[in-house]
Amino acid sequence: MADIGNLKASLGDIPLVTDPTKVQLRSRDFYWYSPVLKRQLENVCADLVVEPRDEAEVIRALAACHRQRVPVTVRGGGTGNYGQAMPLKGGVVLDLSRLDKVREVGLGRVRAEAGAKLARIDQLCQVDSAQELRFHPSTLKMGTIGGFVAGGSSGVGSITWGILRDRGNILGLRVITMEDEPRAIELRGDAIQKVNHAYGTNGVITEVEMPLAPAYPWVDLIVGFDDLMSAARFGDALARQDGLVKKLITALGAPIAELYFRPLKSRIPDGASVVLLMIAEPSMEAFRDFLSLWPGKILLERAASDPRRKGLPIYELSWNHTTLHALRIDPTITYLQVLYPPPSHLELVERMFRHFGDEVMIHLEFVRFDGQIACFGLPIVRFTSEERLDEIIAYHEDHGCPIFNPHAYTLEEGGMKQVDHSHLAFKREADPSGLLNPGKMLGWESPDLDMSLRSYLYRSLAG
Ligand code: FAD
């Protein structure tokens, strides 16, 4: 049992949060998205929240925790939705939100402290040099750059730029090790993958360097269709229009928009399936010509410069925000994360749609994946029992649609279904005592585990 009193004394003037209610709040993320995680993680709580103001204080805090063998779980914006930032074994939550400086913006790159909010980085880059992050999670406003790299994967802009795991989508990471005398290590190139999407289990990221894209004025659109497959085919064809600059293509089967997008209720006809889009203003003429070939109707259009453009940006209806809107209206629903592998992704979508009907409402996010157009699924599931959820997962996997299980908090179950040996090897080097976010890396906790390889998400990095 850690001696927290002693730890507090050794942290000196580093800001701490000790109020039990605040510590409880800061020990939680969006784990409650999943009824399974809600049950499993409800009582997880840290002993103390530590809020370093700079990297030197991160190093001091890690050294103090290491000496007393206190577990440390890093927190950015706390928007992870699989309990990634929850301290399973108590100890310290290391909240990095005070490390929020944007250090440098250059042509095609930005370097920021890990706790900087994505929206702030994006905005500073736009003002500085008409650039923006290539892609961001739909939690642009709340998520941090360090949390996105450590806990996220893809998002708004992935239709053009792919996902975080693709080479070139993260340029550099500065990582602090968990030892008596913590070291700072700069990772670049393929070495970045040692820490990318490792949930902070093998190092604390203090700085991130990301590539930038030209910033466009984006037009938000909703296009309505009479049926899901027309919406899905349109989304897929639009994704292949290489000359059209786009940032978001989300297809939602009926009745998702009609039931769950309350602020847009008057705009969504009964039974409509919809496609949410962000199109660059200079591409709008070309987009209208493309749309004229399809049986879709524009239900909403808001230019970036539109003075009436209030309320939610369209991306806050997409990705995991769709699920959030649904949960607000109907807390009994849940969701899954599916890959419909290309090139037969649309056939697979149709097969799942025909099989499950209304029980699994289709939500597709089109992305570039390993150089091809593919779609990730975030279907909304009418939850009845954990057994039924397992059956739904098994049906998808048996029919060639891997599930990245959002009802599990370990890296391996939620992600690649296999131990990431580069994560594991780096953990041996950077966290030899196993104190960083314990319980989240099965490859460390249970070295003999047989994950019976079912999918390999990132083929392009193999070998
Ligand atoms: P946190 O939740 O604080 O942390 C995430 C993980 O990273 C935790 O394991 C934490 O321990 C670790 N961590 C945080 N900071 C560091 C650090 N500096 N060093 C080491 N480890 C660290 N994800 C997507 O990929 N795409 C989406 O479009 C998307 N949409 C979402 C929408 C909603 C409504 C919600 C609730 C979640 C969504 N997510 C999405 C998941 C999540 O929001 C993102 O991954 C987000 O980027 C996490 O950032 P954060 O700062 O909140 O991280």
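Before any of the text, the structure's been laid out above.
Residues numbered from 1 in each chain as written. Predicted model: local features only at pLDDT ≥ 70, side-chain atom pairs only at ≥ 80, totals over all residues. Heavy atoms only, no water.

A.B. asks: Please explain the sheet that holds strand β1 (residues 16-17) as it appears in this structure.
C.D. replies: Sheet strands line up and pair through hydrogen bonds in the backbone, either parallel or antiparallel. Strands sit in the order β1-β2-β4-β3 across an open sheet of four strands; the sheet is mixed. In the strand order of this sheet, the two ends are held by β1 and β3 (72-75), each with one partner. Two strands pair when backbone bridges link them, and strand β2 (residues 48-50) and strand β4 (residues 92-95) are joined in this way by three bridges, in the parallel orientation. Along β4, the bridge assignment pairs L48 with V92. Here helix α4 (residues 55-67) sits on the sheet in contact with β2, β3 and β4, set at roughly 170 degrees to β4. (Pairing = 2+ DSSP bridges. Helix = DSSP H or I, 4+ residues; strand = E, 2+ residues; numbered from the N terminus. Contact = heavy atoms within 4.5 Å. Axes fitted to C-alpha atoms, helices over the stretch in contact; angles between N-to-C directions.)

A.B. asks: Any chance you could explain the packing of aromatic side chains here in plain terms?
C.D. replies: Aromatic ring pairs are described here by two measures, namely the spacing of the ring centres and the angle between the planes. Scanning the model with the defined rule gives 13 aromatic pairs in all. Summarising the aromatic geometry, the rings of F30 and Y33 are spaced 6.1 Å apart at their centres and angled 70 degrees between planes, so their arrangement reads as edge-to-face. A relative accessible area of 5% places Y33 in the buried class. On the numbers, 6.1 Å between centres and 45 degrees between planes, the contact of F290 with W294 is tilted. Residue classification places F290 among the buried residues on the basis of a relative accessible area of 8%. Taking relative accessible area as the criterion, W294 reaches 25% and is therefore assigned partly exposed. Of the aromatic side chains, those joined through ring pairs into one cluster are F30, W32, Y33 and Y335. (Phe/Tyr/Trp six-rings, centres within 6.5 Å; stacked < 30°, edge-to-face > 60°. Buried < 20%, exposed > 50% of the residue type's maximum accessible area, 1.4 Å probe, protein only.)

A.B. asks: Got a minute to help me understand empty space enclosed by the protein in this structure?
C.D. replies: Taken as a whole and judged by the stated rule, the model has two cavities of 30 Å³ or more. As for the second largest cavity, its lining consists of L133, R134, F135, L164, N169, M210 and P211. Class assignment of the residues belonging to the lining of the second largest cavity gives a composition of five nonpolar, one polar and one charged. (1 Å grid on protein atoms, 1.4 Å probe; cavity = no way out; pocket = protein on both sides within 12 Å on 5 of 7 lines; lining within 4 Å. Points joined across faces, edges and corners; volume = space filled by probe spheres on them. Nonpolar A, V, L, I, M, F, W, Y, C, P; charged D, E, K, R; others polar.)

A.B. asks: Got a minute to help me understand the environment of A257 in this structure?
C.D. replies: With respect to the secondary-structure elements, A257 resides in helix α9 (residues 256-260). Looking at A257, the relative accessible area reads 0%, which means it is buried. Residues A257 and L317, 60 residues apart in the sequence, show an inter-C-alpha distance of 9.2 Å. Not counting chain neighbours up to four residues away, the residues in contact with A257 comprise I268 and V274.

A.B. asks: Looking at this model, I keep getting lost on the pairing of strand β18 (residues 363-369). Mind explaining?
C.D. replies: In regular strands, side chains alternate between the two faces of the sheet. Counting buried residues along β18, six of its seven residues qualify, which places the element largely inside the surrounding structure. Of the pairings in the sheet, the one linking strand β12 (residues 246-252) to β18 comprises three bridges and is antiparallel in character. Across the sheet, the residue bridging to A251 is L364, located in β18. Between β18 and strand β19 (residues 372-377), which pair antiparallel one after the other, the connecting turn spans two residues, and D370 there sits at a positive phi close to 50 degrees.

A.B. asks: What's the story with the environment of R428 in this structure? I'm lost.
C.D. replies: Mapped onto the fold, R428 is located in helix α15 (residues 421-430). With relative accessibility at 52%, the residue R428 sits in the exposed group. Each C-alpha atom, one on R428 and one on N202, is 8.1 Å from the other, the two residues being 226 residues apart in sequence.

A.B. asks: Can you walk me through the pattern of salt bridges in this structure?
C.D. replies: Pairs may arise between side chains of opposite charge once their charged atoms sit close together. Applying the stated criterion to the full structure yields 31 salt bridges. Among the ionic pairs, D13 bridges to R60, the shortest N-O distance being 3.3 Å. Of this pair, D13 sits in the loop between α1 (4-10) and β1 while R60 sits in helix α4; the two residues are 47 residues apart in sequence, bridging distant segments of the chain. With a relative accessible area of 54%, D13 lands in the exposed category. The partner of K247 in a salt bridge is E132, with the nearest N and O atoms 3.0 Å apart. Residue K247 is located in strand β12, and its partner E132 is located in strand β7 (residues 131-133); the two are separated by 115 residues in the primary sequence. An identical accessibility class is assigned to K247 and E132; each is buried. Among the charged side chains, a network of salt bridges with common partners joins R103, R109, R111, E113, E186, R188, E207 and E209. (Salt bridge = Lys/Arg side-chain N within 4 Å of Asp/Glu carboxyl O.)

A.B. asks: Please explain the packing of helix α8 (residues 228-239) against helix α10 (residues 284-291) as it appears in this structure.
C.D. replies: A pair of packed helices can be characterised by two numbers: the angle between their axes and the separation between those axes. The geometry of α8 relative to α10 is characterised by a closest axis approach of 12 Å and an angle of 140 degrees between their N-to-C directions. On the basis of the axis angle, α8 is oblique to α10. Where α8 crosses over α10, the two elements pack in a sense that is right-handed. Where α8 approaches α10, its residues F234, A237 and L238 are matched on the opposing element by F287, F290 and L291. Residue composition of the contact of α8 with α10, grouped by class: six nonpolar, no polar and no charged. (Parallel < 35°, antiparallel > 145°, perpendicular 65-115°, else oblique. Left-handed = near helix turned anticlockwise from the far one by under 90°.)

A.B. asks: Explain the sheet that holds strand β20 (residues 380-382) to me, please; I cannot follow it from the model alone.
C.D. replies: Here three strands make up an open sheet; going across it, the order is β15-β20-β17 and the pairing antiparallel. The open sheet has two edge strands, β15 (333-335) and β17 (360-361), and neither has a second partner. Pairing between β15 and β20: three bridges, direction antiparallel. Note that in β20 the partner of Y335 across the bridge is I380.

A.B. asks: Even after reading the chapter, I still don't get the site of the ligand, so can you show me in this structure?
C.D. replies: Surrounding the ligand, one finds 37 residues, the nearest of these being V74, G76, T79, T144 and S154. Within the contact set of the ligand, an oxygen atom lies 2.7 Å away from a backbone nitrogen or oxygen of G77. Contacts to the ligand include I205, whose backbone N or O atom sits 2.9 Å from a nitrogen atom. When the ligand sits alone it has 970 Å² of accessible area, and the protein chains cover 97% of it. When residues of the shell around the ligand are traced back to their parent elements, those giving at least two are β3, α6 (145-151), β10 (204-214) and α11 (319-329). Residue classes in the shell around the ligand are distributed as 14 nonpolar, 22 polar and one charged. (Near = heavy atom within 4 Å. Polar contact = N/O pair within 3.5 Å; in protein donor to acceptor, adjacent residues only side chain to side chain. Areas by Shrake-Rupley, 256 points an atom, 1.4 Å probe, with all protein chains shown as cover.)

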